[in-house]
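Okay, here's what each chain looks like letter by letter:
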Amino acid sequence: LTVGVVRESEPGERRVALVPKLIERLVKRGLRVVVESGAGAGARLEDAVFERAGARIGDAWGADIVLKVAPPGEAELPRLREGSVLIGFLRPLSDVDRIAELEKAGITAFAVESIPRITRAQAMDALSSQSSVAGYRSVLLAAERLPRFFPMLTTAAGTMPPAKVLVLGAGVAGLQALATAKRLGAQTTGYDVRPEVAEQVRSVGANWLDLGIEAVGEGGYARELTEEERAGQQQRLTEAIGGFDVVITTALVPGRRAPTLVTAEAVRGMPAGGVVVDLAGETGGNCELTEPGREVVAHDVTICSPLNLPAEMPAHASELYARNLTELVELLVDAEGRLALDFSDEIVKGACVALGGREKKGES
Ligand code: NAD
């Protein structure tokens with residue numbers, strides 16, 4: 001069985017789906033690894049490094065299992081072989097047409113976004129690994145844009161107070177942002193609609209902002225707020241946001257438009273030179289003034305909406321992602337290195353978004 005690692009073509013995508021240090025693990029399982037020439041270039045991994053680790057440089061698109069980061073584009077889809085397996089970020093909830101095309105082309109596709117978030121799947125959880133990178137990078141971006149220090153500094157020329165950082169949405173990205181801002185010396189506060197998060201926020205040294213709104217949904221995610229809750233939340237957040245130099249937003253509700261948490265009025269109330277980093281840009285953004293993918297200045301506040309922060313830290317982002325995918329591949333092949341899709345396994349069943357002519361064997 002061959003595992004193919006292809007070169008990403010989405011603009012700005014510098015990650016690669018497998019790194020050399022994980023090739024040995026796949027080879028031990030009886031798999032052969034084929035890497036498309038230049039696949040690792042964005043992450044500073046040359047072809048020769050993959051070769052030394054046991055891979056062959058060649059036609060990765062014809063492999064039995066193709067590993068990708070971004071979903072296949074128009075030009076890439078026809079390069080996948082009928083009957084093959086594709087694994088990657090496939091945006092199954094928003095790119096329904098692409099998933100249908102994959103299925104029609106006879107591809108069996110596993111979307112990393114659909115891996116159930118259960119304890120056994122933690123090592124495969126690419127959403128978490130890449131969210132951690134995004135959370136970390138969001139703080140560095142904010143620190144660079146802010147015309148002030150993050151830490152409190154006492155110098156001969158005077159004492160500078162620490163920056164005040166508020167993180168809205170304290171899931172994986174939000175908690176990493178809080179921890180990173182704390183390490184940089186900022187005064188940190190976290191907010192979420194899932195009350196169980198309060199303890200996690202405090203555990204990374206942040207204050208917990210309690211607005212008295214709880215919205216717990218299915219599978220550990222938040223649910224969408226009602227109209228009334230939303231209005232109340234916006235009003236209370238608008239009052240609170242004026243006290244912060246930096247607001248980092250990460251709030252998502254699966255399959256929905258991102259909730260608006262930072263209104264234009266809230267931005268107007270922020271100190272001059274303030275920074276908003278909106279990590280929810282792909283689904284519309286958490287700030288009313290966000291322009292997804294752009295950096296804008298409004299009311300003297302810089303609003304950044306980077307769409308792919310993990311790609312800006314490609315070495316470690318790729319390494320974490322590669323480990324996630326290796327774990328998943330190991331679940332899809334048997335001890336002899338043959339494809340063995342067991343749909344009675346909830347991870348296999350949950351992650352599979354296109355069957356490409358296969359039957360869900362083993363499903364009860
Ligand atoms: P996410 O990216 O879907 O959302 C980010 C955060 O935004 C969440 O904490 C959510 O509660 C919050 N949010 C949504 N709407 C909001 C609103 N209107 N106002 C304020 N906040 C709002 O979340 P995520 O980071 O992927 O994590 C979701 C859950 O999955 C968490 O409970 C996390 O602990 C859990 N998880 C479990 C595992 C596992 O067990 N394998 C792995 C990773 C994450």
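Parameters at a glance
Residues numbered from 1 in each chain as written. Predicted model: local features only at pLDDT ≥ 70, side-chain atom pairs only at ≥ 80, totals over all residues. Helix = DSSP H or I, 4+ residues; strand = E, 2+ residues; numbered from the N terminus. Expected span 1.5 Å × (residues − 1). Buried ≥ 20, exposed ≤ 12 C-beta atoms within 10 Å, placed from the backbone. Arc of directions from axis to C-beta. Contact = placed C-beta atoms within 7 Å. Near = placed C-beta within 6 Å. Nonpolar A, V, L, I, M, F, W, Y, C, P; charged D, E, K, R; others polar. Pairing = 2+ DSSP bridges. Axes fitted to C-alpha atoms, helices over the stretch in contact; angles between N-to-C directions. Right-handed = clockwise from strand over helix to strand, strands pointing away.

Participant: Could you give an account of helix α7 (residues 227–241), with specific residues and numbers?
Facilitator: The terminal C-alpha atoms of α7 lie 21 Å apart, and with 15 residues this matches the ideal 21 Å at 1.5 Å per residue to within 8%. For α7, every residue scored as buried is listed here: Q233, L237 and I241. Taken around the axis of α7, the buried residues stretch over an arc of 55°, which confines them to a single face. In α7, those exposed residues whose orientation departs by more than 90 degrees from the buried face are E227, E228, A231 and E239. Packed against the buried residues of α7 are β9 (164–168), β12 (246–249) and α8 (264–268).

Participant: Give me the lowdown on unusual backbone geometry, citing residues and values where you can.
Facilitator: With a phi angle near 65°, R44 is a residue other than glycine that sits in the positive phi range. On the secondary structure map, R44 appears in the loop between β2 (32–35) and α2 (47–52). Take R44: there are 12 C-beta atoms within 10 Å of it, and that puts it in the exposed class. Phi at H299 takes a positive value of approximately 50°, unusual for a residue other than glycine.

Participant: Lay out the site of the ligand in plain terms, naming residues and giving numbers.
Facilitator: As a structural note, the neighbourhood of the ligand is formed by 30 residues, with G169, G171, V172, A222 and A251 the closest of them. Of all the secondary structure elements, the ones that give two or more residues to the shell around the ligand are α4 (126–145) and α5 (172–183). Of the residues assigned to the shell around the ligand, the class counts are 17 nonpolar, nine polar and four charged.

Participant: Before we move on, could you go through the sheet that holds strand β11 (residues 207–208) and cite the residues and values that matter?
Facilitator: Spatially, the seven strands line up as an open sheet ordered β11-β10-β9-β12-β13-β15-β14, and their pairing is mixed. Taken across any chain shown, the strands that pair with only one partner, and hence form the sheet edges, are β11 and β14 (295–298). The sheet contact formed by strand β10 (residues 187–191) and β11 spans two bridges and is parallel. Residue pairing for β11: T189 is matched across the bridge by N207. With respect to the sheet, α5 is in contact with β9, β10 and β12, its orientation differing from that of β10 by roughly 170°.

Participant: So what's going on with the pairing of strand β5 (residues 85–88)? Residues and values would help.
Facilitator: Two faces, one strand: in a regular strand the side chains alternate between the faces of the sheet. Neither face of β5 is open: one carries V85 and I87, the other L86 and G88, and all of them are buried. Relative to strand β6 (residues 108–111), β5 runs parallel, the two sharing four bridges. When the bridges of β6 are listed, G88 appears paired with A111. As a crossover connection, the stretch from β5 through helix α3 (residues 96–104) into β6 is right-handed.

Participant: Just give me the short version of α5, but keep the residues and values in it.
Facilitator: Helix length check: α5 (twelve residues) gives 17 Å between terminal C-alpha atoms against 16 Å at 1.5 Å per residue, within 8%. Counting buried residues along α5, nine of its twelve residues qualify, which places the element largely inside the surrounding structure. Restricting attention to buried positions, one finds in α5 the residues A173, G174, L175, Q176, A177, L178, A179, T180 and A181. Tucked inside the fold, the buried residues of α5 contact α4, β9, β10, α6 (197–203) and β12. Positive backbone phi, approximately 95°, marks G185, located one or two places after α5.

Participant: Summarise the environment of G135; cite the residues concerned and give the values.
Facilitator: The topology assignment puts G135 in helix α4. Sequence separation between G135 and L279 is 144 residues; the distance between their C-alpha atoms is 8.2 Å. Every residue in contact with G135, bar those within four places of it in the chain, is listed here: V172, A173, G174, L175, Q176, A177, T180 and T250.

Participant: Could you give an account of the sheet that holds strand β3 (residues 56–57), naming the residues involved and the relevant values?
Facilitator: In space, the seven strands of this open sheet follow the order β3-β2-β1-β4-β5-β6-β16, with mixed pairing throughout. The sheet is open, and its two borders are formed by β3 and β16 (352–354), each paired with just one other strand. Two strands pair when backbone bridges link them, and β6 and β16 are joined in this way by two bridges, in the antiparallel orientation. Residue pairing across strands places A109 opposite A354, the latter belonging to β16. Of the strands in this sheet, β5, β6 and β16 touch α3, which is tilted by about 80° from β16. Lying on the sheet, helix α9 (residues 314–332) is in contact with β1 (2–5), β4 (65–67), β5 and β6; it crosses β5 at an angle near 150°.

Just geometry here; none of it tells us what the structure is for.
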